[in-house]
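Here's the letter readout for the chains.
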Protein chains: 2
Amino acid sequence: DYLSSQPSAMAKPQEPNRTKGYDPKKPHITDQPITRKNWYKHVNWLNCAFIVGMPLFGCIAAFWVPLQRKTAIWAVLYYFATGLGITAGYHRLWAHTSYSATLPLKIFLAGVGGGAVEGSIRWWARDHRAHHRYTDTEKDPYSVRKGLLYSHIGWMVMKQNPKRIGRTDISDLNDDQVVVWQHRHYLKVVLFTGLILPTLVAGLGWGDWVGGYIYAGILRIFFVQQATFCVNSLAHWLGEQPFDDRNSPRDHVVTALVTLGEGYHNFHHEFPSDYRNAIEWFQYDPTKWCIWAWKQLGLAYDLKQFRSNEIEKGRVQQMQKKLDQKRARLDWGVPLDQLPVLEWDDYVEQANNGRGLIAVAGVVHDVADFIKDHPGGKAMIRSGIGKDATAMFNGGVYNHSNAAHNLLSTMRVGVIRGGCEVEIWKRAQRENKDVHYIKD
Amino acid sequence: DYLSSQPSAMAKPQEPNRTKGYDPKKPHITDQPITRKNWYKHVNWLNCAFIVGMPLFGCIAAFWVPLQRKTAIWAVLYYFATGLGITAGYHRLWAHTSYSATLPLKIFLAGVGGGAVEGSIRWWARDHRAHHRYTDTEKDPYSVRKGLLYSHIGWMVMKQNPKRIGRTDISDLNDDQVVVWQHRHYLKVVLFTGLILPTLVAGLGWGDWVGGYIYAGILRIFFVQQATFCVNSLAHWLGEQPFDDRNSPRDHVVTALVTLGEGYHNFHHEFPSDYRNAIEWFQYDPTKWCIWAWKQLGLAYDLKQFRSNEIEKGRVQQMQKKLDQKRARLDWGVPLDQLPVLEWDDYVEQANNGRGLIAVAGVVHDVADFIKDHPGGKAMIRSGIGKDATAMFNGGVYNHSNAAHNLLSTMRVGVIRGGCEVEIWKRAQRENKDVHYIKD
Ligand code: HEM
Ligand code: HEM
Ligand SMILES: [Fe+2]
Ligand SMILES: [Fe+2]
Ligand SMILES: [Fe+2]
Ligand SMILES: [Fe+2]
């Protein structure tokens, strides 16, 4: 069979991926544009049956089937079980190996995960790894750049060229007996955990065979599918980006509520092998809570977690990026190297001739328009005109606030050759040959 | 009189500041420690009467005086009027000259401000300027460093050495006829707007003379005093510091609610001559709203406002400061200059001998412990061992996330002499004399 024909660790594009009989050498339908004549060849009718036809049938049937209380409770419980099969099983265990599971837990997750009717683990995890490795690019199987609807269900409703999807390493999945078994017997698994089991429980339990079939089976599948599909659509579209904003993944509590905790997706794309998606105790991540509980029960082990040092580093860098963007939009005054150079004596002369110039730290500032607004009074600021006000400004008279320093820098008009006044006095000393000047 | 004896722009310590007959040459009571025998000399009994005795009398009297609805409404309205006298008048107009007022508005503010019984404008504004200029130091008249209670009322209840309080320029106040007039006739003003006017309105209006006196007079004074004192205490103690955290002022909505909008005190200390304390429309600053309304009515003009560019600069710098503190607490890996220098051939040899070493961008990393956790799979990361993985790591195979770069830097063990592998090949070229090597 095909598994033994995989010598390399990498999954090849020609690996069968749910569509049997695919021949990479033949031209693929997606190589042709969609026209009036060939559009039906572009549609993936099998997927359509599973994610559009079946729920439609369920909705219509529900008009004639009364919903019993026990069946409703069972449908909701089974909704959570099959949802966990996807989030804790397909996603965090197999796609990301963010923890290890014992055989019983693996069989349980492979079973209920299959009941969500979203393809085999092998197929799902392969696409998902490509999604992480090639996020937002042409090789991303459900890139949100192609539209929200495309990332939600479009990519399944329409046929995809298998060559387009990026390649990833799934050697670990090919070595996993549960994955291989589920992939091989996928249709039987789907039929049993997707429809037969929920019907059986309601039928044998309280005699509601039809209700079990329609509500816990068909309609429950519809809701689980739509909810988990939100991880590909909503989670790349709605919310904040606290860790990295180069790509589309986002954190939002609404997405988390819908997807059993997979809504902290900016975190998840940055730290994909962390068994958590939410790192704060107050955030909603029931998938994480279950994995943790399984660990306490001895069913799960080796839960992977990034050090909080690494997580905080990401947060700090993203904040820095945002801050730098904000800083770049503000006026910080003329850069010092773009200012004209003045002689000290010129500065004093111009100030004596009535210009409102003040030198602070070797930079000349035109404060004329600000004198009347000076919070410390007109007399104070006037006392610095034509002088070296460095010391006055920095605590000699008043230790000006940060805001005052910022404001001052917007008033720059020149720099003084040699820097501060003291340099001028040194020069005077040198010129006055009587005094001995020690050069350093 | 003393005003004409002020040749300089600066207020001198010996200027009479409500306590007449103060002689700066005589030793002051505060030079002596408080003892059992002299404690009563340390108490400022006049202030005690105004801020402790009077309200006490009002509270007791209130037991026998029924509160009428009209009087209650009048007391609340007059509370706001006298509060505004302090916030819009004493504080923003006179202490900070954050806007200009026409004569009618000045007279109104000087009148109702006096009715709050917190001293004359001249005395209040002088202390307040010292508070801004010497915030949190020994020269700050109500430094919160001496305790919350001290900053609230302690500084008034106990006598202060006038020499201790910092000096400030109040020449503009000495030139303001309304300020001078209010200071000279302060007691008459207090009696009239503090007690007589509120009593008259309730008495002549609806015959409630005693109620007007107790509720709109005495008790209203008590509430206005306590509320505005919160600017000195609560505003330096409770809340956030979005603009500068070197000193104590803080922003808090609770303080704003209590003080007619003076609660955005971190902003205010940074931008004292801005007529606003709250800059966002949704923040509570009724004092600002009144000043703005007076402007529309032609009563106020020249409202000063810092450019939002200056305000945002302060915010960005404070955020940067916080971010730098956060960054400093994190582990960013061994700095490059503290790493041992390796030869390329040593690196390859050690990797061949079984060490999990990977060179990226001229730095050698020990990834041995990470191989099993690598989110991209064991095979991928192993393929970089003993090689120059710079290109692989940076997009050649996978364009690693920011988090991956951060993690990598914690695994540093050495730097390669000459940098990347390419240098080694250049050297090989040079040594192989057949090839011509152009030195740059
Ligand atoms: C050269 C340009 C100047 C600028 C842009 C400037 C700006 C400011 C600003 C924005 C404030 C209020 C913020 C704060 O509390 O720090 C202030 C306050 C003050 N400035 Fe200046 N200043 C200048 C020069 C001077 C000079 C030369 C002196 C004295 C020699 C002086 C003395 C004071 C004093 C005493 C205060 C405190 C006012 C108070 O809060 O009562 N300033 N200045
Ligand atoms: C040298 C130390 C390495 C470190 C610290 C490291 C770290 C990581 C981390 C944290 C991720 C998951 C985060 C993300 O999506 O970017 C990752 C993913 C990946 N790494 Fe590495 N890596 C290393 C070396 C390599 C090498 C040498 C290769 C290949 C030559 C490689 C290939 C990949 C691939 C393909 C993924 C994507 C996995 C997926 O999301 O499916 N890594 N790496
Ligand atoms: Fe995603
Ligand atoms: Fe994922
Ligand atoms: Fe203050
Ligand atoms: Fe103030």
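Residues numbered from 1 in each chain as written. Chains lettered and ligands numbered in written order. Predicted model: local features only at pLDDT ≥ 70, side-chain atom pairs only at ≥ 80, totals over all residues. Heavy atoms only, no water.

(A) Fine view of the pattern of salt bridges. Counted by the stated rule, this structure contains 40 salt bridges over all chains. Between Glu-343 of chain A and Arg-417 of chain A there is a salt bridge; the shortest N-O distance is 2.5 Å. One end of the pair, Glu-343 of chain A, is in the loop between β3 (341-342) and α15 (344-352); the other, Arg-417 of chain A, is in the loop between β6 (412-416) and α19 (421-431), with 74 residues separating them in the sequence. In this structure Glu-343 of chain A comes out as partly exposed when scored by relative accessible area, which is 28%. A salt bridge links Lys-106 of chain B to Asp-176 of chain B; the shortest N-O distance between them is 3.2 Å. Of this pair, Lys-106 of chain B sits in helix α4 (residues 103-114) while Asp-176 of chain B sits in the loop between α7 (171-174) and α8 (177-184), and the two are 70 residues apart along the sequence. Counted as one network, the salt bridges with shared partners bring together Glu-280, Glu-312 and Arg-315 of chain A together with Lys-326 of chain B. (Salt bridge = Lys/Arg side-chain N within 4 Å of Asp/Glu carboxyl O. Helix = DSSP H or I, 4+ residues; strand = E, 2+ residues; numbered from the N terminus. Buried < 20%, exposed > 50% of the residue type's maximum accessible area, 1.4 Å probe, protein only.)

(B) The arrangement of the sheet that holds strand β4 (residues 357-360) of chain A in detail. All names here are of chain A. Ordered by their spatial adjacency, four strands build an open sheet running β3-β6-β5-β4, and the pairing between neighbours is mixed. Each having just a single partner strand, β3 and β4 make up the two edges of the open sheet. Along the sheet face, α15 touches β3, β4, β5 (363-366) and β6 and points at about 145° away from the line of β4. (Pairing = 2+ DSSP bridges. Contact = heavy atoms within 4.5 Å. Axes fitted to C-alpha atoms, helices over the stretch in contact; angles between N-to-C directions.)

(C) Examining the packing of aromatic side chains more closely. Residues and elements named next belong to chain A. Counted under the stated rule, the structure contains 32 aromatic pairs over all chains. Seen from their ring centres, Tyr-79 and Phe-80 are 5.4 Å apart, and the 90° between their planes marks the pair as edge-to-face. Through a chain of ring-to-ring contacts, the aromatic side chains of Phe-243, Phe-267, Phe-271 and Phe-306 assemble into a single cluster. (Phe/Tyr/Trp six-rings, centres within 6.5 Å; stacked < 30°, edge-to-face > 60°.)

(D) Up close: the coordination of the iron ion (ligand 5). Residues and elements named next belong to chain B. Protein coordination of the iron ion (ligand 5) is provided by His-131 (NE2), His-236 (NE2), His-265 (NE2) and His-269 (NE2), with donor distances spanning 2.1 to 2.2 Å. Of note is the iron ion (ligand 5), whose four donor atoms meet at the metal with angles of 90 to 168° in an arrangement that counts as irregular. The distance between the iron ion (ligand 5) and the iron ion (ligand 6) is 5.5 Å. In this pair, His-131 sits in helix α5 (residues 121-133) while His-236 sits in the loop between α10 (209-229) and α11 (253-258), placing the two residues 105 residues apart along the sequence. Of the two residues, His-131 and His-236, neither departs from the other in class, the shared state being buried. (Donors = N, O, S within 2.8 Å, 3.2 Å for Na, K, Ca; no water. Tetrahedral: all angles 85-135°; square planar, octahedral: opposite > 155°, others 65-115°.)

(E) Here's a closer look at the nonpolar core. Ala-88, Trp-94, Tyr-99, Leu-105, Leu-109, Ile-291 and Trp-294 of chain A are the most contacted members of the largest nonpolar core, which has 47 residues in total. The element best represented in this core is helix α3 (residues 69-95) of chain A, accounting for eight residues. Beyond its immediate stretch of four places on either side in the chain, Ile-291 of chain A contacts Ala-88, Arg-92, Tyr-99, Tyr-275, Ala-300 and Leu-303 of chain A. Counting residues in each nonpolar core, the second largest holds 44 residues, with Ile-86, Trp-124, Tyr-142 and Val-179 of chain B among its members. (Core = buried A, V, L, I, M, F, W, Y, C linked by side-chain atoms within 4.5 Å.)

(F) Here's a closer look at the sheet that holds strand β4 (residues 357-360) of chain B. Residue and element names in this part refer to chain B. Reading across the sheet, the four strands line up as β3-β6-β5-β4 and stay open at both edges, with mixed pairing between neighbours. The sheet terminates laterally at β3 (341-342) and β4, the two strands that pair on one side only. In this sheet, strand β6 (residues 412-416) lies alongside β3 in parallel orientation, the contact comprising two bridges. In the strand pairing of β6, Leu-342 is matched with Ile-416. Of the strands in this sheet, β3, β4, β5 (363-366) and β6 touch helix α15 (residues 344-352), which is tilted by about 145° from β4.

(G) Structural detail: a nonpolar patch on the surface. Residues and elements named next belong to chain A. Nonpolar side chains collect at one region of the surface, where Leu-191, Phe-192, Ile-196, Leu-200, Leu-204, Trp-209 and Val-210 lie side by side and expose about 660 Å² of accessible area between them. Listing elements by their share of the nonpolar patch, those giving two or more residues are α9 (186-206) and α10 (209-229). Inspection of the secondary structure puts Val-210 in helix α10. (Patch = residues over 30% accessible without salt bridge, like charges linked within 9 Å, V, L, I, M, F, W, Y side chains within 5 Å. Areas by Shrake-Rupley, 256 points an atom, 1.4 Å probe, with all protein chains shown as cover.)

(H) Broad picture of the coordination of the iron ion (ligand 6). Around the iron ion (ligand 6), the protein supplies His-91 of chain B (NE2), His-96 of chain B (NE2), His-128 of chain B (NE2), His-132 of chain B (NE2) and His-268 of chain B (NE2) as donor atoms, at distances of 2.0 to 2.2 Å. Of note, the iron ion (ligand 6) draws all its donor residues from one chain, in the sequence arrangement H-x4-H-x31-H-x3-H-x135-H.

(I) Seen up close, the relation of the copies chain A and chain B. Relative to chain B, chain A is turned by 180° and slid 0.0 Å along the rotation axis, the superposed coordinates differing by an RMSD of 0.0 Å. These values place the two chain copies in the arrangement generated by a two-fold rotation axis. It is Gln-320 of chain A whose C-alpha, among those of chain A, lies nearest the rotation axis, at 3.8 Å. A share of 100% of interface residues in chain A that are also interface residues in chain B marks the association as one of identical surfaces. (Least-squares fit on C-alpha atoms with pLDDT ≥ 70 in both.)

(J) Spatial organisation of helix α13 (residues 286-296) of chain B. Among the residues making up α13 of chain B, those that are buried are Pro-286, Thr-287, Lys-288, Ile-291 and Trp-294 of chain B. Its buried side turned inward, α13 of chain B meets α3 (69-95), α4 and β2 (300-301) of chain B.

(K) Geometry of the side chain of Asp-176 of chain B. Residue and element names in this part refer to chain B. A relative accessible area of 12% places Asp-176 in the buried class. A distance of 3.0 Å separates a polar atom in the side chain of Asp-176 from the backbone nitrogen of Val-178. Each residue touching Asp-176, except ones within four places of it in the same chain, is listed here: Trp-94 and Lys-106. (Polar contact = N/O pair within 3.5 Å; in protein donor to acceptor, adjacent residues only side chain to side chain.)

(L) Examining helix α18 (residues 402-409) of chain B more closely. Burial runs high along α18 of chain B: seven of the eight residues are buried. Listed in full, the buried residues belonging to α18 of chain B are Asn-402, Ala-403, Ala-404, Asn-406, Leu-407, Leu-408 and Ser-409 of chain B. Packed against the buried residues of α18 of chain B are α12 (265-270) and α14 (308-328) of chain A together with β4, β5, α17 (390-393) and β6 of chain B.

(M) Representation of the site of ligand 2 in the model. As a matter of local geometry, ligand 2 sits amid 22 residues, with His-374, Pro-375, Tyr-398, His-400 and Ser-401 of chain B nearest to it. Looking at what sits near ligand 2, you find residues from chains A and B. Contact distances for ligand 2 include 2.7 Å between a nitrogen atom and a side-chain N or O atom of His-374 of chain B. In this structure, an oxygen atom belonging to ligand 2 sits 2.6 Å away from a side-chain N or O atom of Tyr-398 of chain B. (Near = heavy atom within 4 Å.)

(N) Examining the site of ligand 1 more closely. Residues in contact with ligand 1 amount to 22 residues; listed here are only the nearest, His-374, Pro-375, Tyr-398, His-400 and Ser-401 of chain A. Near ligand 1, residues from chains A and B are present, making the site a shared one. At a separation of 3.0 Å, an oxygen atom of ligand 1 approaches a polar side-chain atom of Ser-401 of chain A. Listed by contribution, the elements that provide at least two residues to the shell around ligand 1 are α16 (378-382), α17 (390-393) and α18 (402-409) of chain A together with α5 of chain B. It is α5 of chain B that provides the largest number of residues to the shell around ligand 1, a total of three residues. Tallied by class, the residues present in the shell around ligand 1 amount to 13 nonpolar, six polar and three charged. (Nonpolar A, V, L, I, M, F, W, Y, C, P; charged D, E, K, R; others polar.)

(O) Spatial organisation of the interface of chain A and chain B. Taken together, the contact pairs 47 residues of chain A with 47 residues of chain B. Buried area between chain A and chain B, summed over both chains or domains, comes out near 4,000 Å², and the portion from carbon and sulfur atoms is 56%. It is Arg-133, Lys-313 and Val-316 of chain A that lose the most area in chain A upon contact with chain B, and together they represent 14% of the buried surface on that side. Counting every contact that joins chain A to chain B gives four salt bridges. A salt bridge links Lys-326 of chain B to Glu-312 of chain A, with the nearest nitrogen and oxygen atoms 3.3 Å apart. For the side of chain A that touches chain B, the secondary structure elements donating two or more residues are α5 (121-133), α14, α16 and α18 of chain A. Broken down by element, the residue count for the side of chain A that touches chain B peaks at 14 residues, all from α14 of chain A. The residue inventory of the side of chain A that touches chain B, partitioned by class, reads 17 nonpolar, 13 polar and 17 charged. (Buried area = accessible area lost by both parts, 1.4 Å probe.)

(P) Fine view of the side chain of Lys-288 of chain B. Residues and elements named next belong to chain B. Mapped onto the secondary structure, Lys-288 falls in helix α13. Within the local environment of Lys-288, its side chain forms a polar contact with the backbone oxygen of Ala-278, the two atoms lying 3.0 Å apart. With near-sequence residues (within four places) excluded, Lys-288 lies in contact with Arg-92, Tyr-275, Arg-276, Ala-278 and Glu-280.

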